[in-house]
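Each chain is listed here by its residues.
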Amino acid sequence: SLPAKLINGGIAGLIGVTCVFPIDLAKTRLQNQQNGQRMYTSLSDCLIKTIRSEGYFGMYRGAAVNLTLVTPEKAIKLAANDFFRHHLSKDGKKLTLLREMLAGCGAGTCQVIVTTPMEMLKIQLQDAGRIEAQKKLMAAQAQLSSSPAAAAAEPAAERRPTATQITRELLRSKGIAGLYKGLGATLLRDVPFSIVYFPLFANLNKLGQKDPNVKAPFYVSFLSGCVAGSTAAVAVNPCDVIKTRLQSLQRGVNEDTYSGILDCTKKIWQREGPTAFFKGAYCRALVIAPLFGIAQVVYFVGIAEFLLDMLPKHQA
């Protein structure tokens, strides 16, 4: 039933996000840093520096936004895909690849209603630590170059904005459109992602079904979600880099600003080279693989059946 699907989709999202959020934070920070202003060299370097400067819970900045909105986001995405697959099937016959892709396209389009504001707020909170660290580094370098006495002075720490403060400011200054900054880039990422992911998952999952009328084992659904998720994530990573840059309201010192998708694409290509479009690709694959693996186990198999399957079977 639809309520059960929505509940399963929501639980799947909560579990998945909690497990992989620190890697997602590292991905955002790696994607946002530009040439000449690099704070982090790799995923591990980013996480180590984050823990040192912001503490363990610094890795979960922005997680509250995700945990609040991921339930409707994942529920809409998974339920919409089922809805479109159902209505695109003819008399119970097997869906063609084109129709599976159309169903994924519909699901990706529906989810951006929730995804865009969620990503918008999450990126500001995730990247705040990088901006603050960069300002401190620049201030320290300036003090050292001016006088030894000034070097001893600590730069004043700025209060980091909360999701509520950012939301209020955007609504006050730009209205509801402020929360949907980067909508075009989000569509450009999520629609192709869903077109690749859902058909690939469905076909991989079928390989583990001994009988068409019997669900595949939970480990098959998990592995299928991991493979399909990581493949789709890497395929659309250039769009994710563009989306992250466009949705960032705060910039580091001497970092570019962008007026739109084409301007962002052009500046990244000219100033950072084509490899910049794959910044954070391995982080994104590490995030999406377990996230969708867990999501598909909980959603496709069903939370109740999953828990029962994990329990030891006792004979009466």
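Residues numbered from 1 in each chain as written. Predicted model: local features only at pLDDT ≥ 70, side-chain atom pairs only at ≥ 80, totals over all residues. Heavy atoms only, no water.

Caption draft 1: Structural context of the overall build of the protein. In terms of helices and strands, the protein carries twelve helices and zero strands. Listed N to C, the secondary structure of the protein is α-α-α-α-α-α-α-α-α-α-α-α in terms of helices and strands. A separation of at least 24 residues holds for 80% of the contacts in the protein among residues at least 6 apart in sequence. Carbon and sulfur atoms provide 66% of the accessible area of the protein, an area that totals close to 15700 Å². (Helix = DSSP H or I, 4+ residues; strand = E, 2+ residues; numbered from the N terminus. Contact = heavy atoms within 4.5 Å. Areas by Shrake-Rupley, 256 points an atom, 1.4 Å probe, with all protein chains shown as cover.)

Caption draft 2: Highlighting a nonpolar patch on the surface. Taken together, the side chains of Y219, F222 and L223 define a hydrophobic patch exposed on the protein surface, amounting to about 300 Å² of accessible area. Positionally, F222 belongs in helix α8 (residues 218-235). (Patch = residues over 30% accessible without salt bridge, like charges linked within 9 Å, V, L, I, M, F, W, Y side chains within 5 Å. Salt bridge = Lys/Arg side-chain N within 4 Å of Asp/Glu carboxyl O.)

Caption draft 3: Up close: the nonpolar core. Core analysis: the biggest nonpolar cluster contains 20 residues, and V17, F193, Y197, F198, I288, L291 and F292 have the highest contact counts within it. When residues of this core are traced back to their parent elements, those giving at least two are α1 (2-32), α3 (63-88), α7 (183-207), α8 and α11 (281-301). With near-sequence residues (within four places) excluded, F198 lies in contact with K77, L78, N81, G104, A107 and Q296. (Core = buried A, V, L, I, M, F, W, Y, C linked by side-chain atoms within 4.5 Å. Buried < 20%, exposed > 50% of the residue type's maximum accessible area, 1.4 Å probe, protein only.)

Caption draft 4: Local environment of the packing of helix α9 (residues 237-247) against helix α10 (residues 261-272). Put simply, α9 and α10 touch, their axes get as near as 10 Å, and they point 110 degrees apart. Between α9 and α10, the angle is such that the two are roughly perpendicular. Of the residues in α10, those touching α9 at V241, I242, R245 and L246 are I261, C264, T265, I268 and E272. Along the lines of polarity and charge, the residues of the contact of α9 with α10 split into six nonpolar, one polar and two charged. (Axes fitted to C-alpha atoms, helices over the stretch in contact; angles between N-to-C directions. Parallel < 35°, antiparallel > 145°, perpendicular 65-115°, else oblique. Nonpolar A, V, L, I, M, F, W, Y, C, P; charged D, E, K, R; others polar.)

Caption draft 5: Molecular detail of the side chain of D45. With respect to the helices and strands, D45 occurs in helix α2 (residues 43-54). Among the polar contacts made by the side chain of D45, one reaches the main-chain amide nitrogen of T41 at a distance of 2.9 Å. (Polar contact = N/O pair within 3.5 Å; in protein donor to acceptor, adjacent residues only side chain to side chain.)

Caption draft 6: Just the environment of L291, in detail. Considering the arrangement of structural elements, one finds L291 in helix α11. When neighbours within four sequence positions are excluded, L291 is seen to be in contact with G13, G16, V17, V20 and K74.

Caption draft 7: Region of interest: the pattern of salt bridges. With the rule as written, the count across this model stands at 16 salt bridges. Between D190 and R189 there is a salt bridge, with the nearest N and O atoms lying 2.7 Å from each other. Each member of the pair, D190 together with R189, is buried. Each of D24, K27, E119, K122, R189, D190, D240 and K243 takes part in a single network of salt bridges with overlapping partners.

Caption draft 8: Expanded view of α9. Extensive coverage of α9 is indicated by the burial of eleven of its eleven residues. Three or more residues of α9 are buried, namely N237, P238, C239, D240, V241, I242, K243, T244, R245, L246 and Q247.

Caption draft 9: Fine view of empty space enclosed by the protein. Considering all chains together, one arrives at one cavity of 30 Å³ or more under this definition. Counted as a void, the largest cavity has a volume near 290 Å³. Forming the boundary of the largest cavity are 23 residues, of which K74, E119, R284, I288 and L291 lie nearest the centre. Put simply, the parts of the chain that give the lining of the largest cavity at least two residues each are α1, α3, α4 (97-146), α7 and α11. Looking at the lining of the largest cavity, its residues break down into ten nonpolar, three polar and ten charged. (1 Å grid on protein atoms, 1.4 Å probe; cavity = no way out; pocket = protein on both sides within 12 Å on 5 of 7 lines; lining within 4 Å. Points joined across faces, edges and corners; volume = space filled by probe spheres on them.)

Caption draft 10: The side chain of T50, seen in detail. Looking at the element boundaries, T50 is found in helix α2. Under the relative-accessibility criterion, T50 is labelled buried at 0%.

Caption draft 11: Seen up close, the environment of G129. With respect to the element layout, G129 can be found in helix α4. Residue classification places G129 among the buried residues on the basis of a relative accessible area of 4%. On a C-alpha basis, the gap between G129 and R160 in space is 8.5 Å, while along the polypeptide they are 31 residues apart.

Caption draft 12: Quick peek at the environment of P22. Note on placement: P22 falls in helix α1. Look at P22 and you get buried, because its relative accessible area is 11%. On a C-alpha basis, the gap between P22 and L47 in space is 7.5 Å, while along the polypeptide they are 25 residues apart. Setting aside residues no more than four positions away along its own chain, P22 makes contact with L47, M59 and Y60.

Caption draft 13: Structural detail: the packing of aromatic side chains. All told, the structure shown has ten aromatic pairs when counted by the stated rule. Plain terms: the ring middles of F193 and Y197 are 5.7 Å apart, the flat faces sit at 10 degrees to each other, and that makes the pair stacked. Linking F193 with Y197, this pair stays in helix α7, spanning four residues, or about one helical turn. By way of ring pairs, the aromatic residues F193, Y197, F198, F201 and F292 are connected into one cluster. (Phe/Tyr/Trp six-rings, centres within 6.5 Å; stacked < 30°, edge-to-face > 60°.)

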